[in-house]
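Here is how the chains run, residue by residue.
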Protein chains: 2
Amino acid sequence: MVRHFLPDPVMDNPSYNFAAGPGVMPAAVLEQAQKEFLNWNKSGMSLLETPFSGASFKKLFQEVRDNLRQLLAIPDDYQILFMHGGASAQFSLVPLNLLGKHVKADYVETGYWSAKTMREAGRYCQVRVAASSADTGFDSMPNTWQIAPQTAYCHITSNETANGVQFHHDPDTGDIPLIADMTSDFLSRPVEISRYGLIYAGAQKNIGPAGLTVVIVRKDLLGHAHAATPSVFNYCLQAEADSMLNTPLTFAVYLAGLVFRWIESQGGLEMMAQNSFRRSARLYQVIDDNNDFYCCRVQPAHRSYMNVCFNLVNEALTEKFLAEAEISGLHHLKGHPMVGGIRASIYNAMPDEGVEALMLFMRHFAENYRSYV
Amino acid sequence: MVRHFLPDPVMDNPSYNFAAGPGVMPAAVLEQAQKEFLNWNKSGMSLLETPFSGASFKKLFQEVRDNLRQLLAIPDDYQILFMHGGASAQFSLVPLNLLGKHVKADYVETGYWSAKTMREAGRYCQVRVAASSADTGFDSMPNTWQIAPQTAYCHITSNETANGVQFHHDPDTGDIPLIADMTSDFLSRPVEISRYGLIYAGAQKNIGPAGLTVVIVRKDLLGHAHAATPSVFNYCLQAEADSMLNTPLTFAVYLAGLVFRWIESQGGLEMMAQNSFRRSARLYQVIDDNNDFYCCRVQPAHRSYMNVCFNLVNEALTEKFLAEAEISGLHHLKGHPMVGGIRASIYNAMPDEGVEALMLFMRHFAENYRSYV
């Protein structure tokens with residue numbers, strides 16, 4: 001595969017993009033999109049100019065949805081929706097669409113993003129904390145859950161980008177619908193879809209274009225939307241309209257389709273899981289091997305395979321680390337503003353070479369500045 | 001300017017895209033976007049992969065907003081928001097954000113889209129019809145308006161894409177905030193912004209990429225959102241967060257910026273207005289010159305400069321017209337499904353050559369099939 005990373009203007013090294021989102025996209029996908037940017041599907045027009053209600057776009061839309069169904073082995077009793085608004089919109093749209101007559105919903109608190117989700121849900125219902133790892137500074141996913149029997153659903157954030165913790169299994173919540181914000185680890189591993197009532201994911205991590213939001217919902221959960229739900233954000237109405245109640249995000253759907261095919265060509269979700277496990281393990285190894293210099297606050301079994309978050313033992317060196325990384329072509333490594341430190345986001349499209357370059361840099365930096373600790 | 005339209009595979013003629021939305025984009029914009037698709041701003045990365053919270057994207061975001069403010073001469077007491085969801089989301093978000101303690105809002109009914117807007121608003125408030133042209137089959141914009149004194153606002157659809165009628169002036173509603181869905185004629189002419197309380201526009205007509213939604217709102221109208229409004233769709237919260245409460249539609253904002261600069265380079269909104277007036281007048285002339293064969297149901301003074309809608313007197317010839325147009329490289333001319341007939345959407349990016357090719361085709365088609373009338 002031809003790499004699109006250009007020589008770094010300063011160092012003549014390749015550049016790597018560790019941004020948390022929008023994040024790195026597969027080079028092959030970007031190259032294909034560039035190639036057909038002015039002439040999609042031999043139409044003489046850009047995909048951007050193609051009417052969504054025409055036969056050619058409708059065919060593409062259907063294919064992209066079918067590809068996703070196949071990739072994730074989504075059973076027939078689940079509807080796939082392509083929506084607008086990003087995952088943050090879903091923080092409100094999940095309770096608006098799913099509460100029905102319920103007044104309570106359960107949430108698992110595991111870090112910055114789940115806490116944010118809970119604050120938004122609290123505007124619509126009584127939020128019960130089914131489990132939380134707040135007491136230990138979100139250093140792990142909580143083991144003990146207590147889900148109320150009379151709850152609308154139980155919500156998790158499958159991967160916390162700011163804190164670097166991740167569920168490495170699909171939780172079992174029995175008859176209570178399990179709702180997952182999978183934005184930051186969507187398509188990074190096979191998922192047992194039948195464990196979930198609903199999965200949502202913003203596209204700007206493992207898919208690419210910000211704005212597009214994938215919702216996978218078990219059909220029996222449809223039809224209970226609150227009266228105030230805007231029609232275009234009503235899951236049931238969008239399901240009935242094949243996600244075309246309003247103009248879909250045409251270019252983002254097209255790019256998503258290219259990414260889905262790229263994942264297939266790379267060996268599917270099994271291979272994505274192997275890649276992210278291997279890549280993250282190597283980075284965590286460098287951190288643990290240099291634990292006088294770097295420190296990862298997350299317990300080993302709960303560390304994210306997508307967002308490797310760590311700190312410098314001497315936090316005064318953080319800015320220097322970021323500045324020297326930048327010069328070495330390792331970009332966007334700054335931790336989430338609410339958490340600080342360093343964050344290396346290694347989504348599906350991050351090549352092994354990027355991880356190796358970061359490992360090398362981390363070892364050199366530790367050697368050079370160890371005396372400052 | 002180099003044209004990107006490719007030779008038509010059948011006729012060796014150039015292709016022209018008359019789609020109502022997503023519609024034709026400026027060739028120069030698409031060419032620039034293609035050129036820097038893999039390496040935006042000398043970063044070695046695609047804009048699609050660029051984190052929205054980084055300095056380079058934030059700078060771009062601010063520039064795009066400033067360009068729009070300059071282009072439309074938007075006074076300082078108006079906030080510009082870049083939102084998700086398209087105009088259809090605004091059908092709900094306008095009442096959710098602006099009703100406050102009001103229980104009624106006024107709407108001007110002028111065709112398919114305003115009627116749809118009113119149905120959605122009816123889920124949130126009592127919809128008063130301030131004026132309507134339904135009785136005459138939406139053949140004009142209504143002259144006589146009666147706006148209730150105790151109403152939250154008065155809503156218009158400035159251009160009706162399905163019916164081909166357009167306001168050619170900025171209505172004066174006095175102290176009652178005037179709200180306009182300008183999706184389909186946004187940036188096609190200078191607008192007296194101070195006449196409006198709020199203007200919204202989906203981007204997929206005169207800007208380009210579907211999904212991005214521009215909201216221009218007078219600041220004193222902020223702060224009255226209904227409790228059920230999702231936070232990311234709360235105008236006031238997005239205004240406070242500089243439209244970055246959630247990940248913005250980064251690629252769409254970037255493209256919008258290129259389009260804004262292209263409009264400037266073409267002579268600004270005055271020139272867009274001259275172009276669309278001239279182009280539409282020429283098409284209407286062909287229709288009127290052949291009024292035994294073509295018919296435009298809209299009164300001359302109210303005809304849209306953006307969407308030229310007409311019928312064949314012998315409606316049985318409509319499919320043949322569309323098929324032969326397609327062969328001649330004139331694409332997506334089918335009228336809105338609810339209205340039928342022919343629709344030529346001639347947004348800013350439609351070149352004069354496209355209009356001339358359509359005129360030529362229409363004259364030839366009329367000559368060839370006149371005996372069938």
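Residues numbered from 1 in each chain as written. Chains lettered and ligands numbered in written order. Predicted model: local features only at pLDDT ≥ 70, side-chain atom pairs only at ≥ 80, totals over all residues.

## Quick word on the overall build of chain A
Note the threshold: Per the convention used, a helix needs a DSSP run of H or I reaching at least four residues, while a strand needs a run of E reaching at least two, with both numbered from the N terminus. Three exposure classes are used, all based on how many other C-beta atoms lie within 10 Å of a residue's own C-beta (placed from the backbone): buried at 20 or more, exposed at 12 or fewer, and partly exposed between those limits.
For chain A, the count of helices and strands is nine helices and 14 strands. Counting only C-alpha atoms, chain A reaches 65 × 55 × 30 Å along its principal axes. The 373 residues of chain A split such that 55% are buried.

## Concerning the interface of chain A and chain B
We count it as follows: Residues are scored as being in contact if the C-beta atoms we place from backbone atoms lie within 7 Å. Residues are sorted three ways: Asp, Glu, Lys and Arg are charged, Ala, Val, Leu, Ile, Met, Phe, Trp, Tyr, Cys and Pro are nonpolar, and all the rest, Gly among them, are polar.
Between chain A and chain B, the residue contacts involve 59 residues of the former and 59 residues of the latter. Per-element tally for the side of chain A that touches chain B: the top contributor is helix α3 (residues 86-98) of chain A, with five residues. Across the side of chain A that touches chain B, the residue classes break down as 28 nonpolar, 26 polar and five charged.

## Looking at helix α9 (residues 352-369) of chain B
As a reminder, the rule being used: Expected helix span is taken as 1.5 Å per residue step, with the number of steps being one fewer than the number of residues.
Here α9(B) is 18 residues long and its end C-alpha atoms lie 26 Å apart, about the 26 Å a rise of 1.5 Å per residue gives. On the buried face of α9(B), the contacting elements are β1 (16-17), α7 (268-289), β11 (294-295), α8 (318-327), β13 (330-331) and β14 (342-345) of chain B.

## So, the sheet that holds strand β3 (residues 104-109) of chain B
All names here are of chain B. The cut-off we apply is this: In this scheme, strands are said to pair when DSSP sees at least two bridges between them. Axis lines are fitted to C-alpha atoms, over the contacting stretch for helices. Their N-to-C directions set the angle, which ranges from 0 to 180 degrees.
Taken together, seven strands build an open sheet; the order of strands is β2-β10-β9-β8-β5-β3-β4 and the sheet is mixed. The sheet terminates laterally at β2 (78-83) and β4 (126-132), the two strands that pair on one side only. Strand after strand, the sheet turns through a mean of 20° between neighbouring axes, direction not considered. In terms of strand pairing, strand β5 (residues 154-157) meets strand β8 (residues 178-181) through four bridges, oriented parallel. By the bridge assignment, Ile 156 is partnered in β8 with Ala 180.

## Description of unusual backbone geometry
Residues and elements named next belong to chain A. Following Gly 21, the chain continues into Pro 22 via a peptide bond in cis, with omega recorded as -20°. As for its placement among the helices and strands, Pro 22 is situated in the loop between β1 (16-17) and α1 (27-35). Phi angles above zero are rare outside glycine, and Leu 187 is one such case at about 65°. Positionally, Leu 187 belongs in the loop between β8 (178-181) and β9 (198-202). The exposure class assigned to Leu 187 is buried, which follows from the 26 C-beta atoms found within 10 Å. Backbone geometry at Asp 242 places phi at a positive 60°, although glycine is not the residue there. Inspection of the secondary structure puts Asp 242 in the loop between α5 (235-240) and α6 (250-265).

## As for the relation of the copies chain A and chain B
What counts is decided by this rule: The least-squares superposition of copies is restricted to C-alpha atoms, and to residues with a pLDDT of at least 70 in both copies.
Take chain A, turn it by 180°, move it 0.0 Å along the axis, and it overlays chain B with an RMSD of 0.0 Å. Look at the turn and shift together and you get a two-fold axis relating the two. Of the interface residues in chain A, 100% have counterparts in chain B that sit at the interface too, so the contact is made through matching surfaces.

## Structural notes on the nonpolar core
Keep this limit in mind: Buried Ala, Val, Leu, Ile, Met, Phe, Trp, Tyr and Cys residues whose C-beta atoms connect them within 7 Å together make up a nonpolar core.
Of all hydrophobic cores here, the largest spans 232 residues; its most connected members are Leu198(A), Ala256(A), Leu198(B) and Ala256(B). When residues no more than four places from it in sequence are discounted, the contact partners of Leu198(A) are Val94(A), Pro177(A), Ile179(A), Val215(A), Ile216(A), Val217(A), Arg218(A) and Leu221(A).

## Let's talk about the domain arrangement of chain A
All names here are of chain A. Heads up, the condition is: For the domain bounds, the source is a domain assignment made automatically or taken from a database.
Along its sequence, chain A is carved into domain 1 (32-265) and domain 2 (268-372). Placing a centre on the C-alpha atoms of domain 1 and another on those of domain 2 gives a separation of 28 Å. At the interface, 23 residues of domain 1 touch 23 residues of domain 2. Mapped by element, the contributors of at least two residues to the side of domain 1 that touches domain 2 are β7 (165-166) and α6. For the side of domain 1 that touches domain 2, the per-class residue count stands at eight nonpolar, 10 polar and five charged.

## Examining the environment of Ala33(B)
Position of Ala33(B) among the secondary structure elements: in helix α1 (residues 27-35). Between the C-alpha atoms of Ala33(B) and Leu258(B), which are 225 residues apart in sequence, the distance is 8.3 Å.

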